[in-house]
Structures are given as structure tokens and as C-alpha cells.
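Topology and contacts: notes
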Amino acid sequence: MNAHPAIGPALGQPDASDDGIAKGEVLLKVDNVSLSFGGVKAITDISFDVRKGEIRAIIGPNGAGKTSMLNVVNGFYTPQQGTITFRGVERRAMKPHHAVRQGIARTFQNVALFKGMTTLENIMAGRSVHMHRNVFWQMLWHGPALKEEIEHREKVEEIIDFLEIEHIRRTPVGKLPYGLQKRVELGRALAMEPSLLLLDEPMAGMNLEEKEDMSRFIIDVNQQRGTTIALIEHDMGVVMDLSDRVVVLDYGKKIADGPPDEVKNDQAVIDAYLGVAH
Amino acid sequence: MLYRVAGQFKTSYEADYALFPVRQDAWLLAFILLLAFVVFPMTANEFVFRALLIPVLIYSLAALGLNILTGYAGQLSLGTGAFMGVGAYACYKLVTIFPEMNFVIALAISGLFSATVGMAFGLPSLRIKGFYLAIATLAAQFFLVWLFQKWAWLYNYNTSGAIQVPNIDMFGVTVAGPNATAIVQYYFVLAIVCAITFLAINITRGRIGRIWKSVRDMDIAAELVGINLMKAKLMAFFVSSYIVGIAGALFVFLWRGAAEAALFDIPLSFRVLFIAIIGGLGSILGNYLGAILIVALPVILSTVPRAFGLPISPSMVEHLNIMVVGALIITFLIVEPHGLARYWAIIREKLIIWPFPH
Ligand SMILES: Nc1ncnc2c1ncn2[C@@H]1O[C@H](COP(=O)(O)OP(=O)(O)O)[C@@H](O)[C@H]1O
Ligand SMILES: [Mg+2]
């Protein structure tokens, strides 16, 4: 592993430390959640939790309901049944931008960046929730609005250094190769200073070296900033290396839950991955 | 070597946020301002003021307003003409009800009316987008023009159905109405357009500009970085319609001198949209380039052939104008959606590395 700038205290007080949950306690609890689209049952009666400070993996074959699960957690879908409890507060229906304000950030399976904006602008956009100067200060620009802009720019530059993307700061992200786009998207999520970071297949479509870099970034974010991470990943090797605990989904149902070694040897999991008929 | 950036290092983020990180840009702007504030007024005659300079400025302002909505926030509107009308009628009512009111204040308040109406007609944007939103704004266009005709109170029950701009003084100088001189009107419009442009640049380069562009580029992702889509879109409609409304008031008070409802109909909406598209969506500079082209084109078409001794009829000029503008729109939509402003950006980049392209 290369030496690289620290991302811990340098980024100011990470929000993760002031969400009122002690390390190792339950940060997110999903209870008996079911979600269907018309006739399609995407998720059936799933329960699991994510503890503060851990890296939690969600795995399972294609179409198992992993992405749908993240969409429920960050408020994009409201489940027909079940409850979500985040930071000790139970909720049912909410808008995604409220979830962000509570401290949930995410990246997408198919990169969802602002294509016409530069790397810098994309990551700055991730700071929108932390910026408050109103339209009148913005019109004047000089003074409080500029001061705020610079404060946040400094935090964003730390993220840019950390992710080693200084050279593409001014490049419109639509022109970047896929691997770098994924990195910028991680940067934008980090800029939100979430207490729970959801990553949907952060390494899909990457080569080995890019995967190693991304794994390193994920571990550093988790260890240095104390950010809790829930990630979906296909590469079993990566999952085994990174995660503290793993949930396995298959056809919308939970079939296993536990530490990586245990899950790896679970018969139901082996069957699901080998495609044994149900 | 015109655009040498070597040696111009930035030592702080503050310096990086200077309006002109490259010094030559500041010189260029100073040169343009010198032309606008000194050279043009000293050399222009009545015809140049009224047929070129004043309309270019007013159309630029209207396109700037539309560009904030469509180019920055990604919400297509075909109702610009009607929102200009709201600004113009509001200003007319204000100056006739409160003749003592300072005209700049009347203008600022007129903008509030058009902003509120624009925001109300922007409500459908919360549910629909793209083509369907365009149709909804078109409905606003029809409804408002109908209202301008039917609601006689708006034009003070004049039998002609038109509004006539009265003489309006500011600090002893007549700025609008039959007695106003072209040069005063030019300076008045120039000052307002400069001020609003400055404010618009600031809004679009900071937090709010980024929010708008996020909504434009991918609204779902914008929501998932914590942006409140409803607030972002309604604010875009508000700010955009504010500027468009002021442009509408200037259009009537500082240029046309009189107006009836039909003036604000669809052709005006499209003319402003064409300026924004040809100039470049998502750009501030582009509005000026687009307005210069659209306003100057018919003037050039009618004067140049005559200068060469070719007789050209006014209707011929009009047809040629429509054909050229149509061709330009199609070309830009296909070849360069970022418009004339993009060409300037390319030239500028070339000049920065010129004459050593490596
Ligand atoms: N918006 C949607 N509308 C209808 N069906 C959906 C939608 N999103 C997901 N699904 C269905 O739900 C199931 C789970 O999908 P998804 O959560 O994307 O799986 P995974 O991420 O594990 O590959 C699939 O059968 C998929 O077709
Ligand atoms: Mg998925």
C-alpha cells in the first residue's frame, strides 16, 4: 500500500463521531422489510442490522434484491412492510434528501454523476447539505458566500488528495474513464460526511489494480474516519478481505448472515452461487 | 502569446475564485466595457442606438433569464414572452398608480410579479419534465397573453388595448417615454444589464449554480446528495422569471415605447429561446453573443446588399432572416449544443497555448 494523505481528523470533525451511537452499537436496523413492484417481489421479509464502525457486505446473485435493499435504506423506495431504524429513530416514508440530512450517503451501481460538471463541482455538490448561505449572499459573492465556498473547498481538496484525483479536478466527469468516475462518485459521497455510507458495487467493471486502489480507499475511510459502510459486491475475494460481517440475499430472501468465513462455508450460500434449483 | 498564463500562479483558493483567473480575460472585459460605456455612445447615431445597441442589451437580458432556467437548471420553458409581458404590465401599472415612485424601484418590483407568476407556472415541473414541461409552459404562454387582452384594468382601459409609456423622469432626466433621448435610454439599459449580469454570474458560480446544474444533469442523483428538488426548481423559476420580467419591462419602457398583448406572444418566446440556444445553453456570455447575432442579422441583411447596389425588399430580408436563423438553430443543435460561447472557449484555449501548441 502506498503512503497517502490521511483523511481522518484532517477533514474536520467527521460527522460519524457525533451521531450519538457508540462504536459497535447498532446504527441501522432493518426489520421484516418486504418490497414489491407490482407483482415482482424484490425483497421478502428481510431483517438485519449494521453496527457503528463496521464494514457490512451485502452479497447475492444478480436480481437478489441488493440494490432494492439500499434504495429502501436511503428512502428512495418505501417498503410495503417492515421498518427501518436509523440512529435509534424508526421511520417509514421519507424523501431521499432527508435521509442525506440524517447522515446516509451512497454511490450507485451505474455511476450517477453530474456529467456536465467537473470533478471539483461534482464533489462540491456533495457539500450542498452543509452549505447555507442564501441567494442574496450568493448574488454578492464577496464576503460570507465566498468565505463559505473556500471553507468547503478546502475539505473537498482534502478528499481530492486522498482519492488521488488532483489531475482531473477540472475535467468534466462525462469525459473520464469508468474507473475514475467511480472514484469521483465515492468522493462526492465522502463530501457529505455521512455516518453511514452505502456503496453499490463500487468495483464493478474495474481491473485488478483499480480494485485494489478502491479497496484501500474503502478501508481507509472506514478506519481513519470511522465511517460505517454497507457495500454490495460481487467479487467474493474482495468481500472476504474487506468486510466484518456479510448478509447473503437470494431471490429477495435472506439466506445467511455472519462473519465472512462462516458465510463462505454455508451450504445455502454455496448452492445459491452455484445456481442450484430451488 | 496573447493569452499567456505562465507566471500567473494561484497561491490561495481565494485567488482561484477570482472572476478572471487569467489576467487577459480581465483586459478583454475592460476593453468591452470601454466600448460599451465610452466608444459606442460617442459614435452611435439614433439608428444604431435604437436598432442595434438597446435591443441587443434587452434581448441579452431576457436570454440570460431563460438560460438560468433552461441552460443551468435544465427546465425547458416556452413561456418567456408571456413572463416578459407580466414584467411589462406590472411596471405599467406601478408607474401609473404611483407616478412618484423611483423608476428603478418600479422595475425591481415588476420583477417580483413576473417571478411569482413564473414560479406558479413552474409548479408542474415538480411532476413532469422535458417535452411535457415545455407544453405546460406553453399553456402559461397562451393563458397570460389572453389575460393581457381581456383584463382591461391592466392597460388602464385604453380604447386601443395597448399600453403607452408615459414620460418618466429620474433625478431630472427623462429615462422613458416620448421625450427620452436614445443615449440616456442606452446608458440606463446598459447599467441595469451590467448589474444583473454581475449578480447572475455570482449565483451561477456558487452553491446555487451547482445545485441547478445537478438537477439538470441528473435529478435523481441530485436528490440523493441531499438537494431538495422542489426548492431548487422553484428557485430557478423564480430567479429566471425575475430577470425575464425586468427584461420585459425594459423592452416596453426603454425600447418599444408602447405595447399590446400580441407583442408577448409565442414569436417573442421563441426569439429569446433561439438567442439562448445559438449563444449557448449553460453560459452567461453566450446570451450576448446570441443576441448580437439575432438582432444584427436582419440589419446586416437589409443594409449590406444595398451598399452593394442590390435592391432588396423588406419582405425578402424577413424571409432570408427566417431561413438563416432556422439553419443556425438546426446547425447548433446538431453540431454544437453549447453554442457560440463554446467557440469562444475553444478560441481562448487555443490562444492560451499559442504559439507553442505543446
Ligand atoms: N424499479 C423497479 N421496478 C420493477 N422491478 C424492479 C425495480 N427495481 C428492481 N426490480 C426487480 O427487483 C428484483 C431485485 O433487483 P435488484 O435489487 O436490482 O437486484 P440486485 O441489485 O441484487 O441485482 C429484480 O427482479 C428486479 O427486476
Ligand atoms: Mg444491483
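Cut-off values and rules
- Residues numbered from 1 in each chain as written.
- Chains lettered and ligands numbered in written order.
- Predicted model: local features only at pLDDT ≥ 70, side-chain atom pairs only at ≥ 80, totals over all residues.
- Heavy atoms only, no water.
- Contact = heavy atoms within 4.5 Å.
- Buried area = accessible area lost by both parts, 1.4 Å probe.
- Salt bridge = Lys/Arg side-chain N within 4 Å of Asp/Glu carboxyl O.
- Polar contact = N/O pair within 3.5 Å; in protein donor to acceptor, adjacent residues only side chain to side chain.
- Helix = DSSP H or I, 4+ residues; strand = E, 2+ residues; numbered from the N terminus.
- Nonpolar A, V, L, I, M, F, W, Y, C, P; charged D, E, K, R; others polar.
- Buried < 20%, exposed > 50% of the residue type's maximum accessible area, 1.4 Å probe, protein only.
- Pairing = 2+ DSSP bridges.
- Right-handed = clockwise from strand over helix to strand, strands pointing away.
- Domains from an automatic or database assignment.
- 1 Å grid on protein atoms, 1.4 Å probe; cavity = no way out; pocket = protein on both sides within 12 Å on 5 of 7 lines; lining within 4 Å.
- Points joined across faces, edges and corners; volume = space filled by probe spheres on them.

Re the interface of chain B and chain A
The interface is formed by 28 residues belonging to chain B together with 39 residues belonging to chain A. Overall, the association of chain B and chain A removes approximately 3100 Å² of surface from exposure, summing both partners, and the carbon and sulfur fraction of that is 63%. Taken together, the links from chain B to chain A amount to two salt bridges. With a closest N to O distance of 2.8 Å, Arg210(B) and Glu149(A) form a salt bridge. Inspection of the region where chain B meets chain A yields nine residue pairs in polar contact (both at pLDDT 80 or more). For the side of chain B that touches chain A, the secondary-structure elements that each account for two or more residues are helix H1 (13–16), helix H7 (182–205), helix H8 (207–217) and helix H9 (219–224) of chain B. Here the side of chain B that touches chain A gets eight residues from one element, more than from any other, and that element is H8(B). In the side of chain B that touches chain A, the residues fall into 14 nonpolar, five polar and nine charged.

Here's the deal with the pairing of strand S8 (residues 228–232) of chain A
Residue and element names in this part refer to chain A. Among the five residues that make up S8, five are buried, leaving the element largely enclosed by the rest of the structure. Where burial is concerned, the two faces of S8 agree: the one with Thr228, Ala230 and Ile232 and the one with Ile229 and Leu231 are both buried. Note that strand S7 (residues 196–200) and S8 share five bridges and pair parallel. When the sheet's bridge partners are listed, Leu197 is paired in S8 with Ile229. Read as a crossover between parallel neighbours, the route from S7 over helix H7 (residues 208–225) to S8 is right-handed.

Things to note about the domain arrangement of chain B
As a measure of interface size, the accessible area lost when the parts come together is often cited. Residue and element names in this part refer to chain B. What the domain assignment reports for chain B is domain 1 (1–6 + 21–41) and domain 2 (45–353). On a C-alpha basis, the centres of domain 1 and domain 2 stand 25 Å from each other. Across the contact, 11 residues belong to domain 1 and 11 residues belong to domain 2. There are zero salt bridges connecting domain 1 and domain 2. Counting across the domain 1 and domain 2 interface gives two residue pairs in polar contact (both at pLDDT 80 or more). Of the residues in the side of domain 1 that touches domain 2, the class split is 10 nonpolar, no polar and one charged.

Some remarks on the layout of surface pockets
Residues and elements named next belong to chain B. Size it by volume and the second largest pocket reaches roughly 590 Å³. Contributing to the lining of the second largest pocket are 22 residues, with Tyr59, Arg271, Ile294, Pro298 and Asn321 lying nearest its centre. Looking at the lining of the second largest pocket, the elements with two or more residues in it are helix H3 (46–72), helix H10 (229–256), helix H11 (266–279), helix H12 (285–307) and helix H13 (314–335). It is H13 that contributes the most residues to the lining of the second largest pocket, eight residues altogether. When its residues are assigned to classes, the lining of the second largest pocket shows 16 nonpolar, two polar and four charged.

Concerning the domain arrangement of chain A
Residues and elements named next belong to chain A. According to the domain assignment, chain A contains domain 1 (25–103 + 196–201 + 228–278) and domain 2 (105–193). Placing a centre on the C-alpha atoms of domain 1 and another on those of domain 2 gives a separation of 28 Å. Taken together, the 13 residues of domain 1 in the interface contact 11 residues of domain 2. Regarding the contact of domain 1 and domain 2, the summed buried area is about 1000 Å², with carbon and sulfur atoms giving 50% of it. Sorting the residues of domain 1 by area buried against domain 2 places Val100, Leu197 and Asp200 first, and these three jointly supply 40% of that buried surface. At the junction of domain 1 and domain 2, the tally comes to one salt bridge. Here Arg106 makes a salt bridge to Asp200, at a shortest N to O gap of 3.6 Å. Our count for the domain 1 to domain 2 interface comes out at seven residue pairs in polar contact (both at pLDDT 80 or more). Sorting the residues of the side of domain 1 that touches domain 2 by element identifies helix H1 (66–73), helix H2 (96–102) and S7 as the ones contributing at least two each. With five residues, the single largest contributor to the side of domain 1 that touches domain 2 is S7. Here the side of domain 1 that touches domain 2 is built from residues that sort into six nonpolar, four polar and three charged.

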